[in-house]
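Examination of the molecular architecture
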Amino acid sequence: MPKLDIPNAADAELVHSSQKGNMEPYEELVHRHRDKIYARAFSMLRNEEEALDISQEAWVKGWQRLKQFQGNSTFTTWMTRICINLCLDLLRKKQRQKTDSIDQMNEEIGGFERKLPVEDVNPTETMELSELRQEIDKAMEKLSCDHRTVLVLHEFEQMEYREIAKSMQCSIGTVMSRLFYARRRLAKMLISLKKERQR
Amino acid sequence: MKKGDRIKIQAFLDGELAPQESVKISYLIDSDLEARTVADELKSVQKLLKYGENELKLEDSRDFYWSQVHRQIEAGNSNLLEQSRPSNAPRMENPLRWILPIGSMAAIVVLMFNFNTINPKPSNEVLPEDSTANAASGLTESLGSAMEEEAPSMPEVGVFSFEGIWKNDRNLLESEDPSVLPESIENPER
């Protein structure tokens, strides 16, 4: 059997070899996708240290469960799901100690939603892409943990309502409500950004 | 417009609405200005988020990052080994766990079967009528005569009795008379 050319091998080949217990191909997989996994952890946790720890834990879990990977999705999708689950576990642990945020209360009573005028959101006209990404990132940071998580899972991970509800252990109605609130809040923040730039 | 309708508009744009509801909401967006504005706003946010996330890169070097992951994998492997060890322990403990009750039961059974031997029945079969036959020693003679005297009041075999013990105790009490104490007790200096 020919030796695997690790740096040039496809993910699937590396996964196959790793499933036999070889660590070298797994190291290559870690190297290739570590930034993406870390970025996902950071987008959900908004804390560099926690994101780093969770990303490493995800790779450890990935190795331990590698034999369960059937190849129904890409390896990165599978790894991202592991990372998301770890982030959700951590957020749940944290949330048990925290009281409801103002965002959550607003969502429940619908106060913010009534006050917010519906406007055209298009701050991209005068912005560079990297600049825009940074602004979106800032706005995301201001969202409550639940609203940000729903938005990340739906917009960046393309997860369906049903999947999000299952991951977050809540109802589909809650997911829809949180998503709607998060989008409107994000819209408001980006509008104020646009207005600031126009001054 | 109701909040429920707004959320339905969102579900319609996300492709999560049932076909029948989709027709209704599509009509609402076309006919109602507020509904159309809500839909436009949601579309704009969706479009903005399509630009993606801020790209993040880990500052740690490849080797350093991997060394940390590798260390945790190794630690996890050793933990798994440790976890597998206690699972064998109950199997080893099982025979030991049964030793005490089985031993106790065996002891009881042995005692039951050997009761006659330990606590012999005071009958003529055990003690020959002719006490002179046991006259080899004074002790045997006195025991034989004592048993003969007490035999009618002795309980049947199988019933515990402290009578004999009591009798011995009585003898002991009787022997507490200082005049009959052994020399060693009477005069401990010896």
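Above this text you will find the structure in question.
Quick summary incoming for the structure in this document. Residue positions are counted from 1 within each chain, in the order its sequence is given. Written order determines the labels here, with chains lettered from A and ligands numbered from 1. The model is predicted, so local features are restricted to residues of pLDDT at least 70 and side-chain atom pairs to those at 80 or more, both for listing and for counting; the totals for chains, interfaces and linings are taken over all residues. Computation of side-chain values: all heavy atoms of the structure, hydrogens and water removed.

1. Let's talk about the overall build of chain B
Segments assigned H or I by DSSP are reported as helices when at least four residues long, segments assigned E as strands when at least two residues long, and all are numbered from the N terminus. Counting secondary structure elements, chain B contains 8 helices and 0 strands. Starting at the N terminus, the α and β elements of chain B follow one another as α-α-α-α-α-α-α-α. Exposure classes here rest on a 1.4 Å probe applied to the protein chains alone. A residue is buried below 20% of its type maximum, exposed above 50%, and partly exposed in between. Split into buried and exposed, the 190 residues of chain B put 16% on the buried side. When checking whether two residues touch, look at their non-hydrogen atoms; a contact exists if any pair is within 4.5 Å. Here the analysis covers contacts within chain B between residues at least 6 apart in sequence; of these, 37% occur between residues at least 24 apart. Each accessible area is a Shrake-Rupley result for a 1.4 Å probe, and residues are judged covered by the shown protein chains and nothing else. Here chain B has roughly 14400 Å² of accessible surface; of this, 59% comes from carbon and sulfur atoms.

2. Considerations on the overall build of chain A
Within chain A, the regular secondary structure consists of 10 helices and 0 strands. When the helices and strands of chain A are read in sequence order from the N terminus, they spell out α-α-α-α-α-α-α-α-α-α. When the 199 residues of chain A are sorted by exposure, 54% land in the buried category. Contacts in chain A between residues far apart in sequence, at least 24 positions, make up 65% of those at least 6 positions apart. Carbon and sulfur atoms provide 46% of the accessible area of chain A, an area that totals close to 10400 Å².

3. Topic: the packing of aromatic side chains
Each aromatic pair joins two rings of Phe, Tyr and Trp (for Trp, the six-membered one) with centres within 6.5 Å, and gets the label stacked for planes under 30 degrees apart, edge-to-face for over 60, and tilted for any other angle. Counting across every chain of the model gives 8 aromatic pairs over all chains. Relative to Phe-75 of chain A, the ring of Trp-59 of chain A has its centre 6.2 Å away and its plane inclined at 35°; by these criteria the two rings are tilted. Of the two residues, Trp-59 of chain A sits in helix H3 (residues 48–64) while Phe-75 of chain A sits in helix H4 (residues 75–96), which places them 16 residues apart along the sequence. Trp-59 of chain A sits in the buried class, given a relative accessible area of 0%. Centroid distance Phe-69 of chain A to Phe-75 of chain A: 6.0 Å. Interplanar angle 80°. Geometry classified as edge-to-face. As far as the burial class goes, Phe-69 of chain A and Phe-75 of chain A line up, both buried. Taken together through their ring pairs, the aromatic side chains of Tyr-26, Trp-59, Trp-63, Phe-69, Phe-75 and Trp-78 of chain A together with Trp-66 of chain B make up a single cluster. Ring-over charges, as used throughout, are those where CZ of Arg or NZ of Lys falls within 6 Å of the ring centre and within 35 degrees of the ring normal. The ring of Tyr-65 of chain B has Arg-34 of chain A lying over it, and the distance from NZ or CZ to the ring centre is 5.3 Å.

4. A few points about the interface of chain A and chain B
Each partner contributes to the interface: chain A provides 51 residues, whereas chain B provides 37 residues. Interface of chain A and chain B: buried area, both sides summed, is about 4500 Å²; carbon and sulfur atoms make up 61% of it. What gets called buried area is simply the loss in accessible area from a 1.4 Å probe that two parts show on being joined, summed for both. On the chain A side of the contact with chain B, Arg-34, Arg-133 and Phe-180 of chain A bury the most area, a combined 15% of that side's loss. Salt bridge, as used here, is a side-chain nitrogen of Lys or Arg placed within 4 Å of a carboxyl oxygen of Asp or Glu. Our enumeration of links across chain A and chain B arrives at 5 salt bridges.

5. Considering a nonpolar patch on the surface
Residue and element names in this part refer to chain B. Each patch is built from residues that are more than 30% exposed by relative accessible area and take part in no salt bridge. Like charges join if they lie within 9 Å; nonpolar side chains (Val, Leu, Ile, Met, Phe, Trp, Tyr) join within 5 Å. A contiguous nonpolar surface patch, about 460 Å² in accessible area, is contributed by Ile-108, Val-109, Met-112 and Phe-113. Within the secondary structure, Val-109 is located in helix H4 (residues 62–113). The class of Val-109 is partly exposed, set by a relative accessible area of 39%.

6. Section: the side chain of Arg-34 of chain A
Looking at the secondary structure, you find Arg-34 of chain A in helix H2 (residues 23–45). With no salt bridge to any partner, buried Arg-34 of chain A finds its closest opposite charge in Asp-35 of chain A, at an N-O distance of 4.3 Å. Counted as a polar contact is a pair of N or O atoms within 3.5 Å, where, for protein atoms, one must be capable of donating a hydrogen and the other of accepting one, and residues adjacent in sequence contribute only when both atoms are in side chains. A polar contact of 3.4 Å, which involves the side chain of Arg-34 of chain A, links it to the backbone oxygen of Ser-61 of chain B. Contacts of Arg-34 of chain A, omitting those with residues within four sequence positions, involve Trp-59 of chain A together with Leu-58, Asp-60, Ser-61, Arg-62 and Tyr-65 of chain B. Note on charges: Lys and Arg go in the positive column, Asp and Glu in the negative column, and His and the chain ends are not counted at all.

7. Remarks on unusual backbone geometry
Residue and element names in this part refer to chain A. The phi angle at Arg-46 is positive, at roughly 55°, despite the residue not being glycine. Position of Arg-46 among the secondary structure elements: in the loop between H2 and H3. Despite not being glycine, Gln-169 has its phi angle at roughly 55°, a positive value. Here Gln-169 is to be found in the loop between helix H9 (161–168) and helix H10 (172–198). In this structure Gln-169 comes out as exposed when scored by relative accessible area, which is 58%.

8. Focus: the packing of helix H1 (residues 3–13) of chain B against helix H3 (residues 33–49) of chain B
Residues and elements named next belong to chain B. Orientation is described by lines fitted to C-alpha atoms, with helices fitted over the stretch in contact, and by angles between N-to-C directions that extend from 0 to 180 degrees. Packing of H1 against H3 brings their axes to within 10 Å, and their N-to-C directions diverge by 45°. Here H3 runs oblique to H1, going by the angle between their axes. Here H1 runs over H3; the crossing is right-handed. Contact residues: H1 offers Arg-6, Ile-9, Gln-10 and Leu-13, while H3 offers Glu-34, Ala-35, Val-38, Ala-39, Leu-42, Lys-43 and Gln-46. All residues other than Ala, Val, Leu, Ile, Met, Phe, Trp, Tyr, Cys, Pro, Asp, Glu, Lys and Arg, Gly among them, are scored as polar; the first ten of these are nonpolar and the last four charged. Partitioning the contact of H1 with H3 into residue classes produces 6 nonpolar, 2 polar and 3 charged. Roughly parallel covers angles under 35 degrees, roughly antiparallel covers those over 145, roughly perpendicular covers 65 to 115, and oblique covers all other angles. Two helices cross in a left-handed way if the nearer one is turned anticlockwise from the farther one by less than a right angle. They cross in a right-handed way if the turn is clockwise.

9. A closer look at H9 of chain A
Residues and elements named next belong to chain A. Every buried residue of H9 is listed here: Tyr-161, Ile-164, Ala-165, Ser-167 and Met-168. Looking down the long axis of H9, one finds its buried residues gathered within 165° of arc, a one-sided arrangement. Along H9, the residues that are exposed and aim more than 90 degrees away from the buried face are Arg-162 and Lys-166. Positive backbone phi, at 55°, marks Gln-169, one or two positions downstream of H9. Note that the arc is computed from the directions linking the helix axis to the C-beta atoms.

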